[in-house]
Amino acid sequence: MSDSDPPAILGGRAKLWRSFWMIVSTIGIAAVVVLLVRPFKVESPPAAPLPGSEKAELPSVRVDGPGMILIVPDSPLREQLSFFKTARSKVTYPLMTVTGSVLARVSNGEGPIEDRWQFSTAELSTTYTEWIRAKSEVDFAQSQYDKTRELVKAENEHLSAVVKRLQPLSQDAAVATAQFKQSQADLLKSQIQGEKDVFSAQSTLRQAQKSKAALERQLSQSGIEPIVFSRAVAKMVLVVANVPEGRISLVREGQSCHVRFYGYPHDLFPGHVESLSSAVTQDRRTLRVLFDLNDSKDLLKPGLFGEVGLGTDEREAVLVPPGALLHINRGDYVIAALGNHRWQVVEVKLGELHGDRFEVVEGLAGDREIVAAGAILLKPLAIEALGWQATPSPTPVTAVSTTGN
């Protein structure tokens, strides 16, 4: 359109544009109305299959019974696991290592061994001295009691014989009758006095025995069972150590050991378990164990500290890598093969760590395949398997994630 067009033409074109835009607006309004009035159809999700209509897919690793885990071969999780074949090997490693100290020793000298004991504390030395005196008192009281009984018995037997001898004569004369009655009275007095003497001697003996027993309990609480003193020899050294309650099953009398003292780091002193305490300490829940060493060089002094390697006898041991162990509640477990892709959660009792291997002292035999690196991935299922209980309709087991720890 230009400025030279006549007015009639300009007016016609304007009418055409207005009509065009009115038609477009009408169509747009009609389309909006149709969309608003037409109902919106929502597509519902496909219906879930009926139970039993198709078999649910099982996870590649799952609990398969009490203490049992099933691992499907070629599964993603199995590819992240490594395995270890156990075997028995002869070792002399200590079963455990505990800290101990020299409690007492027999010093060099010419006198009786009983008088040559040296102790780490003055209290223990005093208790030992009082115990020695109590032993003497018990021996003396026992001797007095035995002799009192013999004396009373002899007197009563003598007076009983006099009564029997005078009894036939008592019917012939008055004098004999008086003597017979006097002998009966003497016998009765002797019996009464004898019972008093025996009771007194017995009470003294019991009191001495109680005092001795109390001192023996004090010695035992200090770590020395009194019977040890009866086995004392020259240059004997007693070392005491506390063994945790959970590991006392690994200790027995006569078991070999060696001790390395901090004061003599280059010397190794062999010995054996002399005795076990009769009670577990209530505060630390430990058992005091007494070790007997022979100090041929006369180096060890009461109070010295050292590391006690307990259980150094040659033995066959099963060693496993640390990554194979699962600590669940208060126990240690490994996952061992049973065959047919089934694995068993086995509780084990551990010894010391030797290099890069833990010794299994109970629960696992040699020649078994166990899960090594990656066993931690199975810990949730191991916990579930240990607490597994059969139910009529078990709930599906969630697959274990194969990522992360």
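If you're wondering where the values come from, they're calculated on a predicted model, not measured in any experiment.

Scanning the protein chain for helices and strands turns up five helices and 17 strands. Within the protein chain, the proportion of its 405 residues that are buried is 34%. When contacts within the protein chain are restricted to residue pairs at least 6 apart in sequence, those whose partners lie at least 24 apart make up 71%. For the protein chain, the exposed surface amounts to about 25,400 Å²; the carbon and sulfur share of it is 55%.

In this section: the pairing of strand β1 (residues 61-65). Put simply, side chains in a regular strand alternate between the two faces of the sheet. Along β1, four of the five residues are buried, which leaves the element largely enclosed by surrounding structure. Bridging between β1 and strand β2 (residues 68-71) involves four bridges; their strand directions are antiparallel. Counterpart to V63 in the pairing with β2 is I69. Where β1 hands over to β2, the hairpin turn is made up of two residues, of which G67 adopts a positive phi near 75 degrees.

What follows is about the packing of aromatic side chains. The full count for this structure, using the stated rule, is nine aromatic pairs. Centroid distance W117 to F229: 5.2 Å. Interplanar angle 90 degrees. Geometry classified as edge-to-face. Here W117 is found in strand β6 (residues 117-119), whereas its partner F229 is found in the loop between α4 (174-222) and β7 (236-244), with 112 residues between them in sequence. With respect to burial, W117 and F229 carry one shared label: buried.

This brings us to the side chain of R315. Counting through the fold element by element, R315 comes out in strand β12 (residues 315-320). A polar contact of 2.4 Å, which involves the side chain of R315, links it to the backbone oxygen of Y93.

Side chains of nonpolar character tend, in soluble globular proteins, to be buried together. If you look at the biggest cluster of nonpolar residues, it comprises 21 residues, and the most contacted ones within it are V239, F261, F291 and L293. Put simply, the parts of the chain that give this core at least two residues each are β5 (96-106), β7, β8 (256-261), β9 (269-280), β10 (286-294) and β11 (305-310). If we skip the residues at most four places from it in the chain, V239 touches G100, S101, V102, L103, F261, V289, L290, F291, L293 and V308. Ranked by size, the runner-up nonpolar core spans 20 residues in total, among them L103, L124, W131 and A232.

This paragraph deals with unusual backbone geometry. For D74, which is not glycine, the phi torsion reads 65 degrees and is therefore positive. With respect to the helices, strands and loops of the structure, D74 is situated in the loop between β2 and α2 (76-79). For D74, a relative accessible area of 71% puts it in the exposed group. The backbone of R285 shows a phi angle near 55 degrees, a positive value even though the residue is not glycine. Tracing the backbone through its elements, the reader meets R285 in the loop between β9 and β10.

Next up on the list: the confidence of the model for the protein chain. Per-residue pLDDT for the protein chain has a mean of 83; in total, 83% of the residues score no lower than 70. Per-residue pLDDT stays below 50 along residues 390-405; that stretch engages in 13 contacts with residues further than four places along the chain or on separate chains.

The subject of this paragraph is the pairing of β10. Counting buried positions along β10 yields seven of nine residues, so the element is predominantly enclosed. Two elements, β7 and β10, share nine bridges in a ladder whose sense is antiparallel. Residue pairing for β10: P244 is matched across the bridge by T286. Judged from the six bridges that link them, β9 and β10 form a sheet pairing that is antiparallel. Bridge assignment links H272 to a residue of β10, and that residue is D292. Adjacent in sequence and paired antiparallel, β9 and β10 are bridged by five residues, among which R285 carries a positive phi angle near 55 degrees.

Thresholds applied
- Note that residues are indexed from 1 along each chain, following the sequence as it is written.
- For a predicted model such as this one, the threshold for reporting local features is a pLDDT of at least 70, and the threshold for listing and counting side-chain atom pairs is 80 or more; totals across whole chains, interfaces and linings nevertheless cover every residue.
- Side-chain measures here rest on the full set of heavy atoms in the structure, leaving out hydrogens and waters.
- The helix and strand labels rest on DSSP assignments: H or I over at least four residues marks a helix, E over at least two residues marks a strand, and numbering proceeds from the N terminus.
- The classification of residues rests on relative accessible area computed with a 1.4 Å probe and restricted to protein chains. Under 20% of the type maximum is buried, over 50% is exposed, and intermediate values are partly exposed.
- Contacts are residue-level and defined by heavy atoms, with any inter-residue pair within 4.5 Å sufficient.
- Here the open area of atoms and residues is found with the Shrake-Rupley method and a 1.4 Å probe, where only the protein chains shown may cover a residue.
- For two strands to count as paired, DSSP must find a minimum of two bridges between them.
- Two aromatic rings, drawn from Phe, Tyr or Trp (for Trp, its six-membered ring), form a pair once their centres lie within 6.5 Å of each other, and the interplanar angle then sorts them: stacked below 30 degrees, edge-to-face above 60, tilted otherwise.
- Pairs of N or O atoms within 3.5 Å make up the polar contacts considered here, provided that, within protein, one atom can donate a hydrogen while the other can accept it, and that residues adjacent in sequence are counted only when both atoms are side-chain atoms.
- Note on terminology: a nonpolar core comprises buried Ala, Val, Leu, Ile, Met, Phe, Trp, Tyr and Cys residues joined through side-chain atoms within 4.5 Å.
- Values of pLDDT, which run from 0 to 100, indicate the predictor's confidence residue by residue.

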